[in-house]
Amino acid sequence: MRAAKILSAVSLGLAVCASVFFLLIASYSNGEPAREVTGPRVVLRVLVFPVIIPLLPVWIPRQTMRVAAAILLSSFSVGAILSIGVYYLPAAVVMLVAACLPEKKSGIVSGQT
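Residues numbered from 1 in each chain as written. Predicted model: local features only at pLDDT ≥ 70, side-chain atom pairs only at ≥ 80, totals over all residues. Heavy atoms only, no water.

*Asks:* Residue-level account of the packing of helix α4 (residues 63–79) against helix α5 (residues 85–100), with values.
*Replies:* The axes of two packed helices give the description: the angle between them and the distance between them. Orientation of α4 relative to α5, taken along the N-to-C sense of each, is 155 degrees, at an axis distance of 8 Å. Classified by the angle their axes make, α4 and α5 are roughly antiparallel. The two elements α4 and α5 cross, and the hand of that crossing is left-handed. Contact residues: Gln 63, Arg 66, Val 67, Ala 69, Ala 70, Leu 73, Ser 74, Phe 76 and Ser 77 in α4; Gly 85, Tyr 88, Leu 89, Ala 91, Ala 92, Met 95, Leu 96, Ala 98 and Ala 99 in α5. (Axes fitted to C-alpha atoms, helices over the stretch in contact; angles between N-to-C directions. Helix = DSSP H or I, 4+ residues; strand = E, 2+ residues; numbered from the N terminus. Parallel < 35°, antiparallel > 145°, perpendicular 65-115°, else oblique. Left-handed = near helix turned anticlockwise from the far one by under 90°. Contact = heavy atoms within 4.5 Å.)

*Asks:* Explain the packing of aromatic side chains to me, and be specific about the residues and the numbers.
*Replies:* One pass over the full model with this rule turns up four aromatic pairs. Centre to centre, the rings of Phe 22 and Tyr 87 are 5.8 Å apart; their planes meet at 50 degrees, and the pair counts as tilted. Placement of the pair is Phe 22 in helix α1 (residues 3–25) and Tyr 87 in helix α5, with a sequence separation of 65 residues. We classify Phe 22 as buried; its relative accessible area is 10%. With a relative accessible area of 28%, Tyr 87 lands in the partly exposed category. Plain terms: the ring middles of Phe 49 and Phe 76 are 5.3 Å apart, the flat faces sit at 50 degrees to each other, and that makes the pair tilted. (Phe/Tyr/Trp six-rings, centres within 6.5 Å; stacked < 30°, edge-to-face > 60°. Buried < 20%, exposed > 50% of the residue type's maximum accessible area, 1.4 Å probe, protein only.)

In structure tokens, the structure reads:
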């Protein structure tokens, strides 16, 4: 398995962990979990975007998909840095590293038989 695909899977795992932490453990100042305070709309904001985006490069292992996912996840993390974006920052950094890795070339390399 290539390093870029492994890092994409690690980014997905970090995003899932951040979502679970935010939904189940993180609480507001009154001690209630976020899912009870904000209601079902938080599930769409917390789970759909930041978990589906890192999932795409795992399904479609292409360099352009990793770059697009890195841009989108980083934009989400920076845009929401004062609230839930900080939870997704590690996943964004790992996806940026995965996007910077070169794509493995297939076929015959010139000079080799």
